[in-house]
Amino acid sequence: MATAAPSILESIFLKRSQQKRKTSPLNYKKRLFVLTEQKITYYEYDFERGRRGSKKGFVDLEKVICVECVEPEENPPPERQILHREEFADTEQISIIERFPYPFQIVYDDGPLYVFAPTEDLRRRWINQLKLSKGRSELYTLPFWPHPHKLRPRVKPMKFGVDAKDEMEAKSAKPLPPTPSTSAPTVCKVVALYDFTPISGQDLPLCKGEEYVLLDEGSGQPWLRARNKNGQEGYIPGNYVTEAKDPLEIYEWYSKNMTRSSAEDLLRREDKEGGFIVRDSSKAGKYTVSVYAKSSGEGFIRHYVVCETSVNQYYLAEKHVFSTIPELITYHQYNAAGLISRLKYPVCSGRSAPSTAGLGYGSWEIDPKDLTFLKELGTGQFGVVKYGKWRGQLEVAIKMVKEGSMPEDEFINEAQCMMKLSHENLVQLYGVCTKQRPIFIITEYLSNGCLLTYLKEFRARLSQGDLLSMCSDVCSAMSYLESKQVLHRDLAARNCLVAEDGAVKVSDFGLSRYVLDDEYTSSLGSKFPIRWSAAEVLLYSKFSSKSDVWSFGVLMWEVFTFGKMPYERFNNSEIVEQIMKGVRLYRPQLATERVYNVMLTCWAEKAEDRPAFPIIQAAILEIMEDL
Ligand code: AMP
């Protein structure tokens, strides 16, 4: 029997029908898109049972000639508008999974596939992956732009309501557009969101709010070559810049993803008359200003949605209209003009700069003389882990690799690739010290330590929302690893860490391959993570991103039981027996049917029946929306 090709990406997208002449809501259908090495196939999807339905069509990658972002529609229906999740979420009829505001097109010789992604991240991932799978040189499009609405796509987007086939016929009759080398180069400018001080000799400093020109196609890369306004060139961390013009992120009063209740908590904690926060509203593209005032010593809060005129001007009070949000805020810093207080005191969430992928461009070998050891954090598979500082400032965790616990040369070769992995929910690998023994692995430090211990310690304080948010963080990191085709192989709460602000990050990804301990590596060994392992791992040691999905389901279970041992009453051989019989972990008291259903889909017997990580995350976000 032929086995299905392994999928590289799986996502639920909205697909525009290629047949119909006129556009109507009926011409847009939710489909499960599956990318394999050879083709993109789309299926019906049974949301109730979390299963793939019948196949509706496919495109051979061989036939794809262009993959590109498309400008958003002018007046899209709600399902294709951007949804900002926060305080109005409970009044929103349409949940996150039903929103698909990020269009892109896959042009092939039979016509363009017009696809809408639920998040910008997913759209970018698919475009990048399609370009990678196809081999960039074969496509005549240029790099992906992270902020497509600001730029025109190189391929003229299909207009809504125009028959796609007509356009395609006209297109295929014409020669291909000029190749990138002959077309005018696009100057890609970015703005720094944070200051950055060079670490390696090749780095370029960043000054928050200043503009830089990108010098080569670096999107998706952790370090980008750029030029500053004085003509100096060097490498900058990709996660420190944005392509948006005049980004609000550079203002201390702006906290993009802050919810209404977190804003209220923060304003109350500061307890300052005129304290204010600007944040994204749940209404697409709108902002809310939360203001704190005091009356007879009692603090109270009002939330004002920034209104927009038909000519894109902003106001809080109708008489005072401004072209930009910063201008509006500056005005109200001096004039209350109807607000409960003028905006006297910007309250910020203390957003700190994210970790960089390594300590400077190309620096992965760290000088141990730059490290100060401050205290012991714990002991893991490779030995002792210490907390310390790099060059007296940056907090780091230092794994001192016990001699004989890993094939060091193999790991050192791999470490450079692992350093390129950079995601806000992955514990960042900063570098290694390999010139001495024991070798050190240097990573980002997370002050709240191991997730398993955290769950046990803070169970009384953790709400449903907190638990789901932890699962969503892990799922986000795993979606990223899946998109990079990296397997974790030992995903469990004990291998996740908790940051100062409660965010959860996945640690030790891929490290299990370097463990030299039969008790850990053999599925018969006492240290093998049997309780987190999928049936096919137990039977044939077959690891895949779908076996990581199984482990993720067990991790969700650990989260919802505040760190209980899975199958606690069974020994290892009993567990294998039970799993083969189809027995699964019970529903934790705190997990609703919907949450438990997500876990159950992760434990589908056949690996191909388990959803991909982005789909699991969409389901978790949907549950969070309805809380
Ligand atoms: P490991 O070798 O990764 O299993 O780490 C052993 C223990 O050290 C963990 O259980 C944590 O408590 C602690 N630890 C490891 N890495 C870090 C880190 N990056 N930040 C904070 N604590 C850590």
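Look up: the structure comes first, before these words.
My aim in this report is to walk through the structure given alongside it, one point at a time. Being a predicted model, the structure only gives us computed values, none of them experimental.

### Some remarks on helix 11 (residues 572-580)
And then number 1: Along helix 11, the residues classified as buried are Ile-575, Gln-578 and Ile-579. In a view along the axis of helix 11, the buried residues occupy a sector of 95 degrees, so they form one face of it.
And then number 2: Tucked inside the fold, the buried residues of helix 11 contact helix 9 (535-540) and helix 10 (545-560).
And then number 3: One side-chain oxygen at the N-terminal end of helix 11 lies 3.2 Å from the backbone nitrogen of Ser-573; it belongs to Asn-571.
And then number 4: Two residues or fewer past helix 11, Gly-582 is found with a positive phi of approximately 95 degrees.

### Here we look at the site of the ligand
And then number 1: Residues in contact with the ligand amount to 14 residues; listed here are only the nearest, Gly-380, Lys-399, Glu-444, Leu-446 and Asp-508.
And then number 2: Note that a nitrogen atom of the ligand is positioned 2.8 Å from one of the backbone N or O atoms of Glu-444.
And then number 3: Asp-508 places a side-chain nitrogen or oxygen 3.1 Å from an oxygen atom of the ligand.
And then number 4: Calculation on the ligand without its partners gives an accessible area of 470 Å², and the protein chains cover 84% of this total.
And then number 5: For the shell around the ligand, the elements supplying multiple residues, two or more each, are strand 20 (371-380), strand 22 (394-400) and strand 24 (440-444).
And then number 6: Broken down by element, the residue count for the shell around the ligand peaks at four residues, all from strand 20.
And then number 7: Its residues placed into classes, the shell around the ligand shows seven nonpolar, four polar and three charged.

### Here we look at the sheet that holds strand 22
And then number 1: Sheet architecture is open: five strands sit in the order 20-21-22-24-23, paired in antiparallel fashion. What marks the edges here is a single partner per strand, and that holds for strand 20 and strand 23 (429-433). The mean angle between the axes of side-by-side strands here comes to 25 degrees, regardless of whether they run parallel or antiparallel.
And then number 2: Here strand 20 pairs with strand 21 (residues 383-390) via eight bridges, running antiparallel. Its bridge partner being in strand 21, Thr-372 is matched across the sheet by Lys-389.
And then number 3: The sheet contacts of helix 5 (residues 408-419) involve strand 23 and strand 24, and relative to strand 23 the element is tilted by about 155 degrees.

### Looking at the pattern of salt bridges
And then number 1: What the rule picks out here adds up to 19 salt bridges.
And then number 2: Across the pair Lys-505 and Glu-444 runs a salt bridge whose closest N-O atoms are separated by 2.6 Å. Taken together, the residues span a long stretch of sequence, with Lys-505 in strand 26 (residues 504-506) and Glu-444 in strand 24 at a distance of 61 residues.
And then number 3: Overall, Lys-505 belongs to the buried group, its relative accessible area being 12%.
And then number 4: On the basis of relative accessible area, Glu-444 is assigned to the buried category, the value being 8%.
And then number 5: The partner of Arg-587 in a salt bridge is Glu-593, with the nearest N and O atoms 3.6 Å apart.
And then number 6: The class of Arg-587 is partly exposed, set by a relative accessible area of 37%.
And then number 7: Each of Arg-225, Arg-227 and Glu-233 takes part in salt bridges that share partners, so that together they form one network.

### Quick word on the packing of helix 7 (residues 464-483) against helix 13 (residues 613-625)
And then number 1: Relative to each other, helix 7 and helix 13 sit at 160 degrees, their axes nearing to 9 Å. Considered as vectors, helix 7 and helix 13 are oriented roughly antiparallel to each other. The handedness of the crossing between helix 7 and helix 13 is left-handed. In contact with Gly-465, Leu-468, Ser-469, Cys-471, Ser-472, Cys-475, Ser-476, Met-478, Ser-479 and Glu-482 of helix 7, helix 13 contributes Phe-613, Pro-614, Ile-616, Gln-617, Ile-620, Leu-621, Ile-623 and Met-624.
And then number 2: Among the residues forming the contact of helix 7 with helix 13, the class breakdown is eleven nonpolar, six polar and one charged.

### Here's the deal with the packing of aromatic side chains
And then number 1: Applying the stated criterion across every chain yields a total of 19 aromatic pairs.
And then number 2: On the basis of an interplanar angle of 75 degrees and a centroid distance of 5.8 Å, the ring pair of Phe-196 and Tyr-240 is categorised as edge-to-face. With Phe-196 in the loop between strand 8 (189-192) and strand 9 (211-214) and Tyr-240 in the loop between strand 11 (233-237) and strand 12 (241-242), the pair connects residues that are 44 residues apart, well separated along the chain.
And then number 3: Look at Phe-552 and Phe-613: their rings are 5.9 Å apart centre to centre, the planes differ by 85 degrees, and that puts the pair in the edge-to-face class. You can see Phe-552 sitting in helix 10 and its partner Phe-613 sitting in helix 13, a full 61 residues away along the chain. Per residue, the accessibility class of Phe-552 equals that of Phe-613, and both read buried.
And then number 4: Each member of the aromatic cluster is reached from another via a ring pair, and the members are Phe-13, Phe-33, Tyr-42, Phe-104 and Trp-126.
And then number 5: Across from the ring centre of Phe-58, 4.7 Å away, lies the NZ or CZ of Lys-39, which sits over that ring.
And then number 6: Of note, Arg-569 hangs over the ring of Phe-570, and the distance from its end group to the ring centre comes to 5.8 Å.

Thresholds applied
- Residues numbered from 1 in each chain as written.
- Predicted model: local features only at pLDDT ≥ 70, side-chain atom pairs only at ≥ 80, totals over all residues.
- Heavy atoms only, no water.
- Buried < 20%, exposed > 50% of the residue type's maximum accessible area, 1.4 Å probe, protein only.
- Helix = DSSP H or I, 4+ residues; strand = E, 2+ residues; numbered from the N terminus.
- Arc of directions from axis to C-beta.
- Contact = heavy atoms within 4.5 Å.
- Polar contact = N/O pair within 3.5 Å; in protein donor to acceptor, adjacent residues only side chain to side chain.
- Near = heavy atom within 4 Å.
- Areas by Shrake-Rupley, 256 points an atom, 1.4 Å probe, with all protein chains shown as cover.
- Nonpolar A, V, L, I, M, F, W, Y, C, P; charged D, E, K, R; others polar.
- Pairing = 2+ DSSP bridges.
- Axes fitted to C-alpha atoms, helices over the stretch in contact; angles between N-to-C directions.
- Salt bridge = Lys/Arg side-chain N within 4 Å of Asp/Glu carboxyl O.
- Parallel < 35°, antiparallel > 145°, perpendicular 65-115°, else oblique.
- Left-handed = near helix turned anticlockwise from the far one by under 90°.
- Phe/Tyr/Trp six-rings, centres within 6.5 Å; stacked < 30°, edge-to-face > 60°.
- Lys NZ or Arg CZ within 6 Å of the ring centre and 35° of its normal.

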